[in-house]
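Secondary and tertiary structure notes
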Amino acid sequence: MDTLRIAGRLIALSALGAALCSAAPARADLRMCNNSNNRVSVALGYTDGQGWVSEGWWNLKSLDCVTLLRGALAAEYYYLYAMDERGGEWKGKVFMCTSDREFKTEGRQDCYVRGYNRTGFFEVDTGKDSKSWTVQLTDQANP
């Protein structure tokens, strides 16, 4: 009787182990979801530990989400700029370099001299210990 009980526990334990091994790993990313009514284009600014980087464009249709950076967040603050197909903008007072086409550039200074636009990004505070974050982009009250 003890042998059957031990065998049953071993089977249950191995089934639990198999279930845990097959579970999807936890994701740690910076994501953006477009909860507005229009398609948007998004640019991202961040520090990579060496300096500032800005890159874009991610295009999101309404009610879509995208991963902007994969992996655990390395910084507390990230900067975003978004514009919709009707001329609406989500912007701020932190200036980064952008381009009309797909881009990735280092540095925040001398955007015009380097052939880029100078664009105001809004700040996203992910908190000191966050490993992942999702920004929810919504329609503006006064477009």
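How each quantity is defined
- For every chain, the first residue of the written sequence is number 1, and numbering continues from 1 along that sequence.
- Reporting of local features is limited, given that this is a predicted model, to residues whose pLDDT is at least 70; pairs of side-chain atoms are given and counted only at 80 or more, and all residues count toward the totals for whole chains, interfaces and linings.
- Heavy atoms throughout the structure, all of them, feed into the side-chain values; hydrogens and water do not.
- Known as pLDDT, the predictor's confidence for each residue is given on a scale from 0 to 100.
- Here a helix means four or more residues in a row that DSSP labels H or I, a strand means two or more in a row labelled E, and each is numbered from the N terminus.
- Whether two residues are in contact is decided by their heavy atoms: any pair within 4.5 Å suffices.
- A 1.4 Å probe rolled over the protein chains alone gives each residue an accessible area, and that area as a share of the maximum for its type sets the label: buried under 20%, exposed over 50%, partly exposed in between.
- Strands are labelled as partners when DSSP assigns at least two bridges between them.
- Interaxial angle, 0 to 180 degrees, is taken between N-to-C directions of lines fitted to C-alpha atoms, where a helix line uses only the stretch in contact.
- Nonpolar cores were defined as sets of buried Ala, Val, Leu, Ile, Met, Phe, Trp, Tyr and Cys residues, with membership established by side-chain atoms within 4.5 Å.

1. Observations concerning the confidence of the model for the chain
Averaged over all residues, the pLDDT of the chain equals 81, while 78% of them reach at least 70. Element-level mean pLDDT values for the chain span from 38 in helix α1 (residues 2-22) up to 97 in strand β7 (residues 94-98). Taken together, the stretch residues 1-26 has pLDDT below 50 and engages in zero contacts with residues farther than four places along the chain or on a different chain.

2. Topic: unusual backbone geometry
Looking along the chain, the bond that leaves Gly56 and enters Trp57 is cis, with omega of 15 degrees. Among the secondary structure elements, Trp57 is positioned in strand β3 (residues 52-60). For Leu63, which is not glycine, the phi dihedral falls at a positive 65 degrees. Leu63 sits in the exposed class, given a relative accessible area of 69%. In this structure, Asp110 is a non-glycine residue whose phi angle is positive, near 50 degrees. Mapped onto the fold, Asp110 is located in the loop between β8 (103-106) and β9 (117-125).

3. Re the sheet that holds strand β1 (residues 29-34)
The three strands are arranged β4-β1-β10 in an open sheet whose pairing can be described as mixed. Of all the strands in the sheet, just β4 (64-70) and β10 (133-137) have a single pairing partner and so form its edges. Direction aside, the axes of adjacent strands within the sheet are offset by 20 degrees on average. With six bridges joining them, β1 and β4 adopt antiparallel strand pairing. Bridged to Asn34 within β4 is Asp64.

4. Digging into the nonpolar core
By size, the foremost hydrophobic cluster in this structure holds 21 residues, and its most contacted members are Met32, Val42, Leu44, Tyr78 and Leu80. Those elements that provide at least two residues to this core are β1, β2 (40-47), β3, β4, β5 (77-84), β9 and β10. Broken down by element, the residue count for this core peaks at four residues, all from β2. Residues contacting Leu80, with those up to four places away along its chain left out, are Met32, Val42, Ala43, Leu44, Leu68, Trp90, Phe121, Phe122, Val124 and Val135.

5. What about the pairing of β7?
Among the five residues that make up β7, four are buried, leaving the element largely enclosed by the rest of the structure. By the bridge criterion, five bridges tie β7 to β9 in an arrangement that is antiparallel. Its bridge partner lying in β9, Met96 is registered against Thr119.

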